[in-house]
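Overview (structure and organization)
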Amino acid sequence: MADQIRNLVVLDDFDNTRLIATSSIIEVLSKLNIKYHIYDIDSLTNEEIYFFMQQFIEIILSLYDSKKIILNKVQLKNEYYENNEKKYIDESILVYRRKKTIEKMEKIFVNLIPDCKILETKYEPILDINHRLGGPHPGHFEEIYYKYKMELLDRLIKGQETEEVNENYEKEYDTSIKLIRNKKITTKRC
């Protein structure tokens, strides 16, 4: 759902074509001299969001059994540590500003597919201030968090309990958190 809260690029000569408004897509369109305009999703009403989510769900359900669908809940974090100092990301980053829209979409998703499985961690993510995509960012996490979430996903798929995964994560967290908090930013910021 996090990628679905980006603005849309509408191609002027192909009104039925919509692309996610990333900087790379806009750059390519500009280089190709393709005319477009940006559709700001903040202008969508609740009814329109529900309508688009229904269309999305219809496509998914035409391809997959509802019991085999997993909603990967978006978990964001706005605090991080640099050189053992707690810092915060402001709401200038798009995904964080639109957190409520993501939550609204997830709620609609679960209401329309009530028997889907939900992947959500017990523990909050830890931001990686030197993530390969730049950092700090509310959706770029430390390796231990990705490992933890993948182990939870594996258990969810297999229908197994997750208590052991949570216990293992607690141990790894306890041994890693001091090093993580003492990191210094070495990558460019998003």
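Residues numbered from 1 in each chain as written. Predicted model: local features only at pLDDT ≥ 70, side-chain atom pairs only at ≥ 80, totals over all residues. Heavy atoms only, no water.

1. Quick look at the side chain of T22
- Here T22 is to be found in the loop between β2 (18-20) and α1 (23-31).
- The exposure class assigned to T22 is buried, which follows from its relative accessible area of 19%.
- A distance of 3.2 Å separates the side chain of T22 from the backbone nitrogen of I25, its partner in a polar contact. (Helix = DSSP H or I, 4+ residues; strand = E, 2+ residues; numbered from the N terminus. Buried < 20%, exposed > 50% of the residue type's maximum accessible area, 1.4 Å probe, protein only. Polar contact = N/O pair within 3.5 Å; in protein donor to acceptor, adjacent residues only side chain to side chain.)

2. What about a nonpolar patch on the surface?
- On the surface, a nonpolar cluster with roughly 250 Å² of combined accessible area is contributed by V28, L32 and I34.
- Turning to its location among the elements, L32 is positioned in the loop between α1 and β3 (36-39). (Patch = residues over 30% accessible without salt bridge, like charges linked within 9 Å, V, L, I, M, F, W, Y side chains within 5 Å. Areas by Shrake-Rupley, 256 points an atom, 1.4 Å probe, with all protein chains shown as cover. Salt bridge = Lys/Arg side-chain N within 4 Å of Asp/Glu carboxyl O.)

3. Some words on the environment of V110
- Turning to its location among the elements, V110 is positioned in helix α4 (residues 99-112).
- Taking the C-alpha atoms as reference points, V110 and K178, separated by 68 residues in sequence, lie 37 Å from one another.
- In contact with V110, other than residues within four places in its own chain, are L71, C116 and I118. (Contact = heavy atoms within 4.5 Å.)

4. Some details on the nonpolar core
- M1, M53 and F109 are the most contacted members of the largest nonpolar core, which has 37 residues in total.
- Looking at this core, the elements that each hand over two or more residues are α2 (46-63), α3 (94-97), α4, α5 (143-158) and α6 (163-181).
- Tallying contributions element by element places α5 first for this core, with five residues.
- In this view, M53 contacts M1, M105, I108, F109 and L112; residues no more than four positions away in its chain are not counted. (Core = buried A, V, L, I, M, F, W, Y, C linked by side-chain atoms within 4.5 Å.)

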